[in-house]
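Reading the structure
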Amino acid sequence: MATHKVGGEVDAQCTRCKLTLAHTILAMVGTKIARVRCNTCGGDHAYRAAPGVTDRPSSSSSSSRASRASSSSAATTKAEKIIISFEEQLAGKDTANALKYSPKDTYQVDQVIQHPTFGTGFVTAVRGDKVDITFRTETKTLVHGRGGAPAEKPAFSPPNARATGPADKPLPPQASEPPADSSAGGEGAAPTEG
Ligand SMILES: [Zn+2]
């Protein structure tokens, strides 16, 4: 851009031709081209940089681009650290004895869990029947300790007890027969009709 001088040529947007054309520089203000004459139509007008050939914006944006690149690389480094920390945490645990996740089992903090959907994770918190497990991509809250015997035992014995109970006692309904005895006695005591 320092090569521009009055009388030289420069590509510029011609206001009459509506095209990017070769122009002759008529006047300059410092290093900036101020006025040009179109080599095609011969008209002279204020200088307009050809689209995409802008000098000053490109030089300033290249410097900002450099600073942006350095800051983004720092952010990338941070993201990598997070991933590594999960791997490192998992590596410090007993992955060889990873347990297959089952809501019936009961887990403790730091236990390594193998989940069929979420993969390998480790227990970070236990809250009653809920357990927080950190997997590679996310932390999930899952249930545990649901394998208690009380849920199964009542399902078996009570039905058997009830099935035998009523069958042993078909008699109570016959207690309604005594009225038949009194009616029989009534027959004997009805001579008034004859
Ligand atoms: Zn022109």
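Being a predicted model, the structure only gives us computed values, none of them experimental.

Moving on, we get to the confidence of the model for the protein. With 58% of its residues at a pLDDT of at least 70, the protein reaches an overall mean of 74. This model gives residues 54-64 a pLDDT under 50, and the stretch forms five contacts once residues within four places in sequence are excluded. Below a pLDDT of 50 lies the segment residues 149-158, which in the model reaches two contacts outside its immediate sequence neighbourhood of four places, other chains included.

Applying the stated rule across the entire model yields six salt bridges. The residue Glu87 makes a salt bridge to Arg136 at a minimum N-O spacing of 2.1 Å. Within this pair, whereas Glu87 is found in helix 1 (residues 56-91), its partner Arg136 is found in the loop between strand 8 (130-135) and strand 9 (139-143), the two being separated by 49 residues in sequence. With relative accessibility at 52%, the residue Arg136 sits in the exposed group. Across the pair Lys140 and Glu138 runs a salt bridge, and its minimum N-O distance is 3.7 Å.

When strand 1 (residues 9-13) meets strand 2 (residues 20-29), the two strands line up antiparallel, connected through five bridges. Each bridged residue has a counterpart across the sheet, and for Gln13 the counterpart in strand 2 is Thr20. In terms of strand pairing, strand 2 meets strand 3 (residues 32-38) through six bridges, oriented antiparallel. Bridging across to strand 3, Thr24 finds its partner in Arg37. In sequence, strand 2 turns back onto strand 3 through a hairpin of two residues, with Gly30 there showing a positive phi of about 65°.

Conventions adopted
- Residues numbered from 1 in each chain as written.
- Predicted model: local features only at pLDDT ≥ 70, side-chain atom pairs only at ≥ 80, totals over all residues.
- Heavy atoms only, no water.
- pLDDT = per-residue confidence, 0-100.
- Contact = heavy atoms within 4.5 Å.
- Salt bridge = Lys/Arg side-chain N within 4 Å of Asp/Glu carboxyl O.
- Helix = DSSP H or I, 4+ residues; strand = E, 2+ residues; numbered from the N terminus.
- Buried < 20%, exposed > 50% of the residue type's maximum accessible area, 1.4 Å probe, protein only.
- Pairing = 2+ DSSP bridges.

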